[in-house]
Amino acid sequence: MPTFNDSVFMPSAFILIGIPGLESVQCWIGIPFSAMYLIGVIGNSLILVIIKHENSLHIPMYIFLAMLAGTDIALNTCILPKMLGIFWFHLPEISFDACLLQMWLIHSFQAIESGILLAMALDRYVAICIPLRHATFFSQQFLTHIGLGVTLRAAILIIPSLGLIKCCLKHYRTTVVSHSYCEHMAIVKLAIEDIRVNKIYGLFVAFAILGFDIIFITLSYVQIFITVFQLPQKEARFKAFNTCIAHICVFLQFYLLAFFSFFTHRFGSHIPPYVHILLSNLYLLVPPFLNPIVYGVKTKQIRDHVLKVFFFKKVT
């Protein structure tokens, strides 16, 4: 039976301590984090502007890239301002409702990003394996439905986890959260009540979104590789494979960091807390920082238009 002595009943606010064990150097850690944020926002904004104003890029591959860029900007902006407030200005307090809102936004944007990566894999699958049906399959209406679908899936599946916290967890051992943002399990573990339902639902959401997406992305690329290696000409194989390299890089860094962060938070009790929190922060900050760099370097159309923006000349 849980004991409620000395517990906090329905706290009005939480205290985010940042990175436990590294409080004395958090002000320095904030410098590379803020640099990554600025580079990510500038890079993703540049991609959005280029895709918006270049009619030749108004095709599914780049529309999905624009969705990814917008999601990355939103995800970073949900996290970093408060994180830097903790690191630089010693402002660790966050209200209970604001904490739940941040939690919902962070996990929703993570799920949306995963859904967009799945849509991008589907686009490459149709373009390479059944190219004659690509234009018919990826109509403007279908693109709109994909955007709405991944957004609603994320928002709807994340909301019950907030409801479970709000309605079922009333007593907390402490209001001090050993994290730099409001992460679901970091808050749930503070509760005195039985949290098995919260854990089970968290696992369900993770596998329903990330698990589903990674399975179908993997299957899409297995079929893509089979089709590519069956092409008779070496040049055609290279060209087809080259269109997928950027997405494969983004796919690997997103899901490897996601699953490592997810499982260490639940099962990695032997890992030092500061290592886990640092990796959790990097999981949220690195993809938005790297995505515009990867697509800028590996995608010729984006690279050429970026050079044109900065050097005011046609790149051939």
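Residues numbered from 1 in each chain as written. Predicted model: local features only at pLDDT ≥ 70, side-chain atom pairs only at ≥ 80, totals over all residues. Heavy atoms only, no water.

- Under an unreviewed UniProt entry, the protein chain has the name Olfactory receptor and belongs to Theropithecus gelada.
- Checking UniProt for the protein chain, the heading Sequence similarities (unreviewed entry) contains the comment "Belongs to the G-protein coupled receptor 1 family." (UniProt positions renumbered as here; feature names shortened; annotations may be inferred.)

## Focus on the pattern of salt bridges
In step 1: Taken as a whole and judged by the stated rule, the model has four salt bridges.
In step 2: Of the charged contacts, one joins Lys166 and Asp97 as a salt bridge, the two residues approaching to 2.8 Å between their closest N and O atoms. Linking Lys166 in helix α5 (residues 140-168) with Asp97 in helix α3 (residues 96-129), this pair joins segments that are 69 residues apart in sequence.
In step 3: The salt bridge partner of Asp213 is Arg153, with a shortest N-O separation of 2.8 Å. Of this pair, Asp213 sits in helix α7 (residues 196-229) while Arg153 sits in helix α5, placing them 60 residues apart in sequence. No difference in accessibility class separates Asp213 from Arg153, as the two residues are buried. (Salt bridge = Lys/Arg side-chain N within 4 Å of Asp/Glu carboxyl O. Helix = DSSP H or I, 4+ residues; strand = E, 2+ residues; numbered from the N terminus. Buried < 20%, exposed > 50% of the residue type's maximum accessible area, 1.4 Å probe, protein only.)

## Comments concerning α7
In step 1: For α7, spanning 34 residues, the distance from its first C-alpha to its last is 47 Å, which sits close to the expected 50 Å at 1.5 Å a residue.
In step 2: Roughly 30° is the biggest bend found in α7, and it falls at Phe207. (Expected span 1.5 Å × (residues − 1). Bend = angle between axes of the 7 residues up to and from the residue.)

## Considering the packing of aromatic side chains
In step 1: Under the criterion given, the structure shown has 15 aromatic pairs.
In step 2: Judged by centre distance (4.6 Å) and plane angle (40°), the ring pair of Phe212 and Phe216 falls under tilted. On the criterion of helical spacing, the pair formed by Phe212 and Phe216 is a turn pair, its members being four residues apart in helix α7.
In step 3: Take Phe216: its relative accessible area is 39%, and that puts it in the partly exposed class. (Phe/Tyr/Trp six-rings, centres within 6.5 Å; stacked < 30°, edge-to-face > 60°.)

## Examining the sheet that holds strand β2 (residues 13-16)
In step 1: Pairing within the open sheet is mixed, and its three strands lie in the order β3-β2-β5. Every other strand in the sheet has two partners, leaving β3 (93-95) and β5 (176-177) as the edge strands with one partner each.
In step 2: Judged from the three bridges that link them, β2 and β3 form a sheet pairing that is antiparallel. What sits directly across from Ala13, in β3, is Ser95.
In step 3: α3 contacts β2 and β3 of the sheet and is inclined by roughly 85° relative to β3. (Pairing = 2+ DSSP bridges. Contact = heavy atoms within 4.5 Å. Axes fitted to C-alpha atoms, helices over the stretch in contact; angles between N-to-C directions.)

## With respect to unusual backbone geometry
In step 1: Of note, Met10 is a non-glycine position whose phi angle comes to about 45°, a positive value.
In step 2: Tracing the chain through its elements places Met10 in the loop between β1 (8-9) and β2.
In step 3: According to the relative accessible area criterion, Met10 is partly exposed, its value standing at 44%.
In step 4: We note that His90 has phi near 55°; this positive angle belongs to a residue other than glycine.
In step 5: Residue position: His90 is located in the loop between α2 (60-89) and β3.

## Structural notes on the environment of Gln233
In step 1: Within the element layout of this structure, Gln233 appears in the loop between α7 and α8 (234-267).
In step 2: Taking the C-alpha atoms as reference points, Gln233 and Leu57, separated by 176 residues in sequence, lie 27 Å from one another.

## Let's talk about the nonpolar core
In step 1: Phe14 and Tyr172 are the most contacted members of the largest nonpolar core, which has 94 residues in total.
In step 2: Examining the composition of this core, we find that 17 residues originate from one element, α3, more than from any other.
In step 3: Non-local contacts of Tyr172, meaning those with residues more than four positions away in its chain, are made with Ser7, Val8, Pro11, Phe14, Phe96, Ile165, Ile187, Leu190, Ala191 and Ile192. (Core = buried A, V, L, I, M, F, W, Y, C linked by side-chain atoms within 4.5 Å.)

## Concerning the pairing of β2
In step 1: Pairing geometry for β2 and β5, over two bridges, is parallel. Along β5, the bridge assignment pairs Ile15 with Val176.

## Some points on a nonpolar patch on the surface
In step 1: Together, Val25, Trp28, Ile31, Trp88, Phe89 and Leu91 make up an exposed nonpolar region whose accessible area comes to about 640 Å².
In step 2: Put simply, the parts of the chain that give the nonpolar patch at least two residues each are α1 (26-53) and α2.
In step 3: The class of Trp28 is exposed, set by a relative accessible area of 59%. (Patch = residues over 30% accessible without salt bridge, like charges linked within 9 Å, V, L, I, M, F, W, Y side chains within 5 Å. Areas by Shrake-Rupley, 256 points an atom, 1.4 Å probe, with all protein chains shown as cover.)

## Things to note about the state of the cysteines
In step 1: Under the counting rule described, the total for this entry stands at one disulfide.
In step 2: In this model, Cys99 is linked to Cys182 through a disulfide, with the two sulfur atoms separated by 2.0 Å. Measuring handedness by torsion sign, the sulfur bridge of Cys99 and Cys182 sits at about -120° and is left-handed. On the criterion of sequence distance, the pair formed by Cys99 in helix α3 and Cys182 in the loop between β5 and α6 (184-188) is long-range, its members being 83 residues apart. Across the pair, exposure class does not vary: Cys99 and Cys182 are buried alike.
In step 3: Cysteine Cys129 is unpaired, with the sulfur of Cys244 as its nearest cysteine sulfur at 8.9 Å.
In step 4: Cys168 takes part in no disulfide bond, and the closest cysteine sulfur to it belongs to Cys167, at a distance of 6.1 Å.
In step 5: Exposure remark for Cys168: the relative accessible area of 44% places this residue in the partly exposed category. (Disulfide = S-S within 2.5 Å.)

## Here's the deal with the UniProt feature "transmembrane region" (unreviewed entry) in the protein chain
In step 1: UniProt annotation of "transmembrane region" (unreviewed entry) refers to residues 34-51, 63-89, 101-122, 142-165, 200-228, 240-262 and 274-295 when read in the numbering used here.
In step 2: Secondary structure content for residues 101-122 is 100% helix and 0% strand, and the end C-alpha separation is 31 Å.
In step 3: Helix and strand shares over residues 142-165 are 100% and 0% respectively, and the end C-alpha atoms of the span are 36 Å apart.

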